[in-house]
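Below, each chain spelled out in residue letters.
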Amino acid sequence: MRVPLPPSVSADEAGEDLRRLGEALKARAGDVLEQTVAQTSGSGEVVDALVQESFERICNSSTMAVARWIAGEGMEVAIEAGRETWEIFAELAAHRAASLNEVTRRCYWWRNVMAEVLKDCATQLGVSQNTLWGAWNILQLSLEFSVLRMCESFEAERRLTDEELARREEELSFLATHDPLTGLPNRTLILDRVEQMLARARRSQTPVAALFVDLDNFKDINDTLGHAAGDELLQAVAARLDGATRGTDALGRLGGDEFVVISDELLLDVGPELIAERLLETLKEPFTLGTEGETRVTVTASIGIAAGDQSSAEELLREADIAMYRAKWDGKNRHVVFETGMKDTVQNRMQLEMDLREAVDNKEFFLAYQPTLDLRDMRPTGVEALIRWKHPVRGIVQPDDFIPLLEETRLITEIGKWVLEEACAQGAAWRAAGYPIGMAVNVSGRQLDSDQVILDVEQALSHSGLDPEALTIEITETSLMRNIEETARRLVAVKQLGVRIAIDDFGTGYSSLAHLQRFPVDALKIDRSFILGLKDNQEGETLIRTLVQLGKSLSIETFAEGIEQQQELSLLRGEDCDNGQGFLFARPLNVAATEKFLKDWAQNTTPALAQAPQHA
């Protein structure tokens with residue numbers, strides 16, 4: 001309906017009748033709501049229950065605001081009372097709960113219902129037409145004012161909403177191209193930048209270099225200190241690397257502990273290598289982690305370098321990745337430049353790794369046993385269990401070709417447990433058959449990283465029934481130094497089971513006498529590098545004497561590894577070395593051959609071995 005707009009009639013002129021009309025409208029607020037809902041429910045957009053509830057709340061508050069204005073409380077009171085109206089209307093429209101068209105339409109439906117109810121109230125009260133016109137005028141002014149303010153609020157809300165959407169779109173765009181942890185470009189953005197650099201390089205005939213940076217042993221840090229510390233370290237590494245690169249270089253994080261630096265306009269002879277050396281140098285300073293810097297961590301990295309004008313960014317990064325793997329295999333904490341042929345090497349290595357994982361499931365591993373002898377009476381005292389791999393296609397794979405890979409893939413913990421079980425069972429069987437020998441088993445540094453090694457030893461002894469004193473656990477000197485405190489604690493726990501502890505490859509690590517005394521050691525196995533060529537090396541003979549005397553002073557047995565010549569044996573017996581093993585006596589043997597060796601040794605012992613002098 002069209003509401004007439006005569007000249008404004010003031011509350012003073014309307015007097016008592018206008019006030020009575022306002023009070024009557026207050027009493028009819030329920031009727032206004034009911035009729036408005038009835039007229040709007042089936043003639044517009046379908047809204048959910050919460051939005052409909054908001055509309056009804058607005059209808060009541062708006063009705064009361066207009067009624068108070070008509071009743072003489074003044075425009076200011078009505079405006080204040082109606083503030084909720086336009087704010088809620090604007091919020092509904094701006095947040096897309098209801099369209100602006102639907103909100104506006106309902107405003108006008110409410111205005112029409114209000115006009116009819118006012119007319120009905122005027123008739124019942126018998127007030128003049130001028131009074132009714134005055135009330136209608138107030139109603140129309142209220143509507144126009146509310147719609148105006150609603151539109152202003154709607155525009156403000158819409159602007160805020162649009163700004164928020166734009167900000168979120170920008171965030172999503174950033175997250176799509178950047179690493180959320182470090183804020184560095186991720187693989188997607190790096191590939192795009194590399195493509196741009198390559199295109200520019202082809203035009204300018206200048207090379208592009210990719211440096212693939214992978215932290216060494218990062219998983220150990222995560223496992224030891226926790227993922228929170230690992231994340232903090234990655235952020236710190238990212239900051240260090242960023243400070244070591246040029247402004248024109250592109251630094252990104254590809255995932256995990258892998259970073260990449262892309263440089264162009266370099267001299268291929270020295271440029272990428274100098275950058276790699278600078279990156280390695282910047283990582284040398286220990287990192288301080290924790291809120292108060294209570295944890296100090298030192299990390300190294302392996303860096304692969306690929307350079308040229310490859311056809312694609314993926315190819316350049318792939319070659320750098322291959323070179324990085326070669327850097328790790330060559331000893332880590334270094335950089336290697338990609339060369340033709342590395343790809344086949346890496347593929348072969350990866351195939352070997354896949355075969356190695358299948359070997360675990362297919363039970364392709366077996367043990368060989370190398371006898372150890374008492375060098376004083378040349379009596380066999382035990383055997384060392386040595387793992388071997390019989391591949392269905394490759395045949396026998398040498399330990400040096402797969403044990404490092406077992407370490408890297410952490411399969412060594414699973415395989416190491418199997419070795420313990422198998423060796424202890426075989427040792428118990430031999431002792432039951434009348435061969436009073438001991439069994440030595442190598443335990444890797446990875447196994448010593450966890451208390452599980454204690455349980456593994458305990459279970460192997462329990463399942464096999466082997467006398468604990470017949471089992472010797474061998475740990476390399478380097479493994480002992482990985483985490484001195486925890487390793488010492490775990491070895492003490494193993495020792496308490498009644499097991500003997502031997503340090504393997506002694507003399508090749510970095511342990512000091514002070515460190516050595518912290519471990520519950522029963523035997524030192526002198527590395528074979530000191531035995532080879534002993535007869536031609538006076539300094540080697542002196543060193544052997546020193547190592548043997550060290551063992552004597554600490555009441556620790558001494559073993560010599562790698563004895564291959566009669567003269568080496570004579571010199572070792574002359575220095576009073578306790579035990580030895582090597583090809584001079586026997587190569588690693590299978591079970592049947594080991595049993596034959598133990599049975600026949602006495603009668604096969606040559607007079608030269610038996611009668612060799614025991615003292616120099």
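A.B. asks: Before we move on, could you go through the overall build of the chain and cite the residues and values that matter?
C.D. replies: Across its full length, the chain holds 22 helices and 16 strands. Counting over 616 residues, the chain shows a buried share of 48%. Look at the contacts in the chain between residues 6 or more apart in sequence, and 71% of them connect residues 24 or more apart. Accessible area of the chain: about 29900 Å², with a carbon and sulfur share of 50%.

A.B. asks: Please set out helix α20 (residues 566-574) residue by residue, giving values where relevant.
C.D. replies: Owing to its 3.6 residues per turn, the α-helix brings residues three or four apart onto one side. The complete set of buried residues in α20 reads Glu568, Leu569, Leu572, Arg573 and Gly574. Asp576 sits one or two residues past α20 and shows a positive phi near 70°.

A.B. asks: Got a sec to walk through the pattern of salt bridges? Specific residues and values, please.
C.D. replies: Taken as a whole, this structure holds 37 salt bridges when the rule is applied. Of the charged contacts in the structure, one is a salt bridge between Lys495 and Asp522, with a shortest N-O distance of 2.7 Å. Of the two residues, Lys495 sits in helix α17 (residues 484-495) while Asp522 sits in the loop between α18 (513-516) and β14 (523-526), which places them 27 residues apart along the sequence. For Lys495, a relative accessible area of 28% translates into the label partly exposed. For Asp522, a relative accessible area of 18% translates into the label buried. The partner of Asp578 in a salt bridge is Lys552, with the nearest N and O atoms 2.9 Å apart. Of this pair, Asp578 sits in the loop between α20 and β16 (579-580) while Lys552 is found in helix α19 (residues 538-553), placing the two residues 26 residues apart along the sequence. On the basis of relative accessibility, which here comes to 30%, the residue Lys552 falls in the partly exposed class. Residues joined by salt bridges that share partners form a network here, namely Asp374, Arg376, Asp377, Arg379, Lys552, Asp576 and Asp578.

A.B. asks: Would you mind going over the sheet that holds strand β2 (residues 250-255) in detail, with residue names and values included?
C.D. replies: Sheets are built from strands that pair by backbone hydrogen bonding, the pairs being arranged parallel or antiparallel. Spatial ordering of the open sheet is given by β2-β3-β1-β6-β7, a layout of five strands whose pairing is mixed. Two strands close off the open sheet at either side, each with one partner strand: β2 and β7 (334-337). Strand after strand, the sheet turns through a mean of 20° between neighbouring axes, direction not considered.

A.B. asks: How would you sum up the packing of helix α5 (residues 100-125) against helix α6 (residues 129-177)? Please name residues and give values.
C.D. replies: As a packed pair, α5 and α6 sit with axes 10 Å apart at the nearest point and diverge in direction by 165°. It follows that α5 is roughly antiparallel to α6 by the angle criterion. Crossing geometry of α5 relative to α6 is assigned as right-handed. For the pair α5 and α6, contact is made by Leu100, Val103, Thr104, Cys107, Tyr108, Trp110, Arg111, Met114, Ala115, Leu118, Lys119 and Ala122 and by Leu132, Ala135, Trp136, Leu139, Gln140, Leu143, Met150 and Phe154, respectively. Residues that form the contact of α5 with α6 fall into these classes: 16 nonpolar, two polar and two charged.

A.B. asks: Help me get a handle on the pairing of strand β13 (residues 500-506), residues and values and all.
C.D. replies: With five of its seven residues buried, β13 lies for the most part within the structure. Bridge count between strand β12 (residues 471-476) and β13: five bridges; the pairing is parallel. If you follow Glu474 over to β13, its bridge partner there is Ala502. Bridge count for β13 against β14 is three bridges, and the pairing is parallel. Counterpart to Ile503 in the pairing with β14 is Leu524.

A.B. asks: Can you tell me about the packing of helix α8 (residues 218-225) against helix α9 (residues 227-244), naming the residues and giving the values?
C.D. replies: Between α8 and α9, the shortest axis-to-axis distance is 6 Å and the interhelical angle comes to 135°. The pairing of α8 with α9 is recorded here as oblique in orientation. Here Phe218, Ile221, Asn222 and Leu225 of α8 come into contact with α9, specifically with His227, Ala229, Gly230, Leu233 and Leu234.

A.B. asks: Any chance you could break down the side chain of Lys328 for me, citing the residues and the numbers?
C.D. replies: Relative to the elements of secondary structure, Lys328 occurs in helix α11 (residues 313-329). A distance of 3.3 Å separates a polar side-chain atom of Lys328 from the backbone oxygen of Leu215.

A.B. asks: Which residues make up the confidence of the model for the chain, and what values do they have?
C.D. replies: On average, residues of the chain score 83 in pLDDT, and 87% of them reach the 70 mark or higher. Within the chain, helix α22 (residues 607-611) has the poorest average pLDDT of any element, 43, and strand β11 (residues 438-442) the best, 96. Every residue in residues 1-11 scores below 50 in pLDDT, and together they form 21 contacts with partners more than four places removed in sequence or on other chains. In this model residues 606-616 is a low-confidence stretch, pLDDT under 50, and it forms 21 contacts with partners more than four residues away in sequence or in other chains.

A.B. asks: Can you lay out a nonpolar patch on the surface for me, pointing to particular residues and giving the numbers?
C.D. replies: Taken together, the side chains of Leu172, Phe174 and Leu175 make up a nonpolar region of the molecular surface, amounting to roughly 300 Å² of accessible area. By secondary structure assignment, the location of Leu175 is in helix α6. On the basis of relative accessible area, Leu175 is assigned to the partly exposed category, the value being 46%.

A.B. asks: Which residues make up the nonpolar core, and what values do they have?
C.D. replies: Counting 74 residues, the largest nonpolar core has Phe365, Leu471 and Ile473 as the members making the most contacts within it. Broken down by element, the residue count for this core peaks at eight residues, all from helix α14 (residues 412-432). With 29 residues, the next largest nonpolar core counts Ala229, Val237, Leu241 and Ala301 among its residues.

A.B. asks: Let's hear about unusual backbone geometry: which residues, and what values?
C.D. replies: Positive phi is not limited to glycine here, since Lys332 has a value of about 70°. Take Lys332: it is sitting in the loop between α11 and β7. Of note in this structure, Asn333 is not a glycine but carries a positive phi near 50°. In this structure Asn333 comes out as partly exposed when scored by relative accessible area, which is 41%.

Calculation criteria
Residues numbered from 1 in each chain as written. Predicted model: local features only at pLDDT ≥ 70, side-chain atom pairs only at ≥ 80, totals over all residues. Heavy atoms only, no water. Helix = DSSP H or I, 4+ residues; strand = E, 2+ residues; numbered from the N terminus. Buried < 20%, exposed > 50% of the residue type's maximum accessible area, 1.4 Å probe, protein only. Contact = heavy atoms within 4.5 Å. Areas by Shrake-Rupley, 256 points an atom, 1.4 Å probe, with all protein chains shown as cover. Salt bridge = Lys/Arg side-chain N within 4 Å of Asp/Glu carboxyl O. Pairing = 2+ DSSP bridges. Axes fitted to C-alpha atoms, helices over the stretch in contact; angles between N-to-C directions. Parallel < 35°, antiparallel > 145°, perpendicular 65-115°, else oblique. Left-handed = near helix turned anticlockwise from the far one by under 90°. Nonpolar A, V, L, I, M, F, W, Y, C, P; charged D, E, K, R; others polar. Polar contact = N/O pair within 3.5 Å; in protein donor to acceptor, adjacent residues only side chain to side chain. pLDDT = per-residue confidence, 0-100. Patch = residues over 30% accessible without salt bridge, like charges linked within 9 Å, V, L, I, M, F, W, Y side chains within 5 Å. Core = buried A, V, L, I, M, F, W, Y, C linked by side-chain atoms within 4.5 Å.

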